[in-house]
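# Residue-level structural notes
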Amino acid sequence: GNMVEWCLPQDIDLEGVEFKSMASGSHKIQSDFIYFRKGLCFGLACFANMPVESELERGARMKSVGILSPSYTLLYRYMHFLENQVRHQLEMPGHYSHLEAFYDDKKGVLPDSKGTPSSQQPVHWLPSIHRYMYPEMKITHPAGCMSQFIKFFGEQILVLWKFALLRKRILIFSPPPVGVVCYRVYCCCCLANVSLPGLGGTVPESKPFFYVNVADIEMLETEVSYVACTTEKIFEQKRDLYDVYVDNQNVKTHHEHLQPLLKINSADKEKYRRLNDQRQMLMYSQEVGEDCSSCEEDLFILFFMEQNNRIFQTLMEVSASQDKTLTADHARGMGLDPQGDRSFLMDLLEVYGIDVMLVIDNPCCT
């Protein structure tokens, strides 16, 4: 099995980290990177696999070099260092001076492992933003993962958006490499950003857990909302651990009441068209040199945040009105399909505890 061969500080609890930092099935690939969660901290590890002429090592030497931090948003800055170091460890095992120097330079005060997440500022959520984002908020390099996310899922991102907004437990399966799949976890969480003050203090946070494996089953059993990815097919059979299972581009749920959300309706198609139009305009403005500061990543995050804000602004206004009646016109004003999004709206009101009466009739059967 996997083992931790070296770490700093030496007294830190790293139980299970040897399986989080090396994805199951990694022996089939040459290199990878992996985001994961350990207690209240987040980790980034770079993995590499090198053939060796050694019977003891069964012809292959595999290592991961990783770091832990209270927040994941700055970890990508050290990706290059970790990639170099894992290669260095494969070629010169046991030489840790570069890692020691890195730790001495970067070490900070980690949160107390006995502390509860609620007693701290949440470190795993994007702060409220308005027109511009700051580079520190990005998980990846400026090339951005949102663009690949949209291209990969196409219109299905509107299905994922609804599940993310409803704070469902979303599990994404993919064989290794898992690095790009960790980015999909991040993108899923970004779909649910809302920047309106005072919205649903009792609503569970949608937590990016990044990579999980069978050693995390006990922990996942207690979670009411998360987004995670795995390389282990066994998870598909453990239906009590997730609400939504994503296999490649196939999004599915075993909950009957969530089945209607899998259908893409006319309002979803319209949103997807608008998103692509905005993307084309951004690319055009960059080509003609008008605007090089805007980034596709910002565009996607702001697109969904503004969409979410519009929905919740309307719902809160209706709940504050005298008759508290939500009509088909309200639904259209929120960019939703009055019929196709009826069950989504009903779930939304329940999850966020919004006191509104829905008066959108189901169409008569013919």
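The protein appears in an unreviewed UniProt entry as DENN domain-containing protein 11 from Rhagologus leucostigma. Regarding the protein, the relevant UniProt record gives this comment under Sequence similarities (unreviewed entry): "Belongs to the DENND11 family."

### Overview of unusual backbone geometry
Between Leu-8 and Pro-9 the backbone carries a cis peptide bond, its omega angle lying at -10 degrees. Inspection of the secondary structure assignment puts Pro-9 in the segment before helix H1 (17-20). At Asn-248, a residue that is not glycine, the phi angle is positive and equals roughly 60 degrees. Among the secondary structure elements, Asn-248 is positioned in the loop between strand E7 (244-247) and strand E8 (250-253). In this structure, Lys-324 is a non-glycine residue whose phi angle is positive, near 55 degrees. Along the chain, Lys-324 turns up in the loop between helix H9 (296-320) and strand E9 (325-326).

### So, the nonpolar core
With 94 residues, the main nonpolar core has Phe-149, Phe-312 and Leu-315 as its most contacted residues. When near neighbours in sequence (up to four residues on either side) are disregarded, Leu-315 contacts Leu-326, Met-334, Leu-345, Leu-348, Leu-349, Ile-354 and Val-356.

### A word on the packing of aromatic side chains
This structure, assessed with the given rule, holds 19 aromatic pairs. Aromatic pair Phe-42 and Phe-210: ring centres 6.1 Å apart, planes at 85 degrees, arrangement edge-to-face. With a gap of 168 residues between them, Phe-42 in strand E2 (residues 41-51) and Phe-210 in strand E5 (residues 207-211) connect regions that are remote in the sequence. Comparing Phe-42 with Phe-210 shows no difference in burial state: the two are buried. Members of the aromatic cluster, joined through ring pairs, are Phe-33, Tyr-35, Phe-42, Tyr-72, Tyr-183, Tyr-186 and Phe-210. It is Arg-184 that lies over the ring of Phe-152; its NZ or CZ is 3.8 Å from the centre.

### Details of helix H11 (residues 342-351)
Quick reminder: α-helices carry 3.6 residues per turn. Residues three or four places apart thus point the same way. Those residues of H11 not exposed but buried are Arg-342, Phe-344, Leu-345, Asp-347, Leu-348 and Leu-349. For H11, the elements touching its buried residues are helix H5 (156-165), H9, E9, helix H10 (328-333) and strand E10 (357-358). After H11 finishes, the residue Gly-353 shows a positive phi value of roughly 60 degrees.

### Here's the deal with H9
A rise of 1.5 Å per residue sets the reference length of H9, with its 25 residues, at 36 Å; its end C-alpha atoms lie 36 Å apart and thus fit the reference within 8%. Here H9 lies mainly inside the structure; 19 of its 25 residues are buried.

Rules and cut-offs
Residues numbered from 1 in each chain as written. Predicted model: local features only at pLDDT ≥ 70, side-chain atom pairs only at ≥ 80, totals over all residues. Heavy atoms only, no water. UniProt positions renumbered as here; feature names shortened; annotations may be inferred. Helix = DSSP H or I, 4+ residues; strand = E, 2+ residues; numbered from the N terminus. Core = buried A, V, L, I, M, F, W, Y, C linked by side-chain atoms within 4.5 Å. Buried < 20%, exposed > 50% of the residue type's maximum accessible area, 1.4 Å probe, protein only. Contact = heavy atoms within 4.5 Å. Phe/Tyr/Trp six-rings, centres within 6.5 Å; stacked < 30°, edge-to-face > 60°. Lys NZ or Arg CZ within 6 Å of the ring centre and 35° of its normal. Expected span 1.5 Å × (residues − 1).

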